[in-house]
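Single-letter residue listing:
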Amino acid sequence: MSDNRPDYKVQIENQNADKSGLPSLYRVLMHNDDYTTMEFVVSALESVFHQSPAEAHRVMLNIHTQGVGVCGAYSFEVAETKVARVHALARKAGYPLKCTLDRA
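Before going into details, it helps to say that this report is about the structure given with it. Remember, it's a predicted structure, so these values are computed and weren't measured experimentally. (Residues numbered from 1 in each chain as written. Predicted model: local features only at pLDDT ≥ 70, side-chain atom pairs only at ≥ 80, totals over all residues. Heavy atoms only, no water.)

A few points about the environment of A44
Consideration 1: Relative to the helices and strands, A44 is located in helix α2 (residues 38-49).
Consideration 2: By relative accessible area, A44 is classed as buried at 2%.
Consideration 3: Taking the C-alpha atoms as reference, A44 lies 8.5 Å from A56; in sequence the two are 12 residues apart. (Helix = DSSP H or I, 4+ residues; strand = E, 2+ residues; numbered from the N terminus. Buried < 20%, exposed > 50% of the residue type's maximum accessible area, 1.4 Å probe, protein only.)

Here is the structure:
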């Protein structure tokens, strides 16, 4: 009679090999739309992501020309909080600005 159980020792060793002890990073992506102003995007990048005016302008132009731009890479909890802050600021200002997370 054959035993069809997985080899748990191999699975545990593979899981430990993948863990570096550091939390996984998630990129916060901001997406282009036809309604949110460039000025608002720059302001959000400066206030939420603490980017310099020059860096915020560069990222905003990338979002505008490429359709999406990377705002930064953070642990999951920090990235999730930053996305929520951008969405709250955008909704308060009446913009449909969208941010998403992508595992780095």
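Alright, that's what it looks like, and here's the rest.
Some words on the sheet that holds strand β3 (residues 98-103)
Consideration 1: Across the sheet, three strands lie side by side as β2-β1-β3; this open sheet has antiparallel pairing. In this open sheet, the two edge strands, each paired with only one partner strand, are β2 (68-75) and β3. The average undirected angle you get between the axes of adjacent strands in this sheet is 30°.
Consideration 2: Pairing of strand β1 (residues 25-31) with β3, which is carried by six bridges, proceeds in the antiparallel orientation. Its bridge partner lying in β3, L29 is registered against T100.
Consideration 3: Contacts from helix α3 (residues 53-66) reach β1 and β2 within the one sheet, and its direction differs from that of β2 by about 125°. (Pairing = 2+ DSSP bridges. Axes fitted to C-alpha atoms, helices over the stretch in contact; angles between N-to-C directions. Contact = heavy atoms within 4.5 Å.)

Notes on the pairing of β1
Consideration 1: Relative to β2, β1 runs antiparallel, the two sharing seven bridges. The residue bridging H31 from the neighbouring strand is V68, located in β2.

So, the environment of L101
Consideration 1: Tracing the chain through its elements places L101 in strand β3.
Consideration 2: When its relative accessible area of 30% is taken as the criterion, L101 is described as partly exposed.
Consideration 3: For the pair formed by L101 and A73, sequence separation is 28 residues and the distance between their alpha carbons is 9.2 Å.
Consideration 4: Apart from the residues lying within four places of it in its own chain, the contact partners of L101 are R27, V28, F76, A79, E80 and V83.

With respect to the nonpolar core
Consideration 1: Counting 21 residues, the largest nonpolar core has V28, M30, V41, L45, F49, V86 and L97 as the members making the most contacts within it.
Consideration 2: Listed by contribution, the elements that provide at least two residues to this core are β1, α2, α3, β2 and α4 (76-93).
Consideration 3: The element that contributes the greatest number of residues to this core is α2, accounting for six residues.
Consideration 4: Excluding residues within four positions of it along the chain, M30 makes contact with V41, L45, F49, I63, G67, V68, G69, C71, V86, L97, K98 and C99. (Core = buried A, V, L, I, M, F, W, Y, C linked by side-chain atoms within 4.5 Å.)

Side note on unusual backbone geometry
Consideration 1: The backbone of H50 sits at a positive phi, close to 55°, despite the residue not being glycine.
Consideration 2: Position of H50 among the secondary structure elements: in the loop between α2 and α3.
Consideration 3: Judged by relative accessible area, which is 62%, H50 ranks as exposed.

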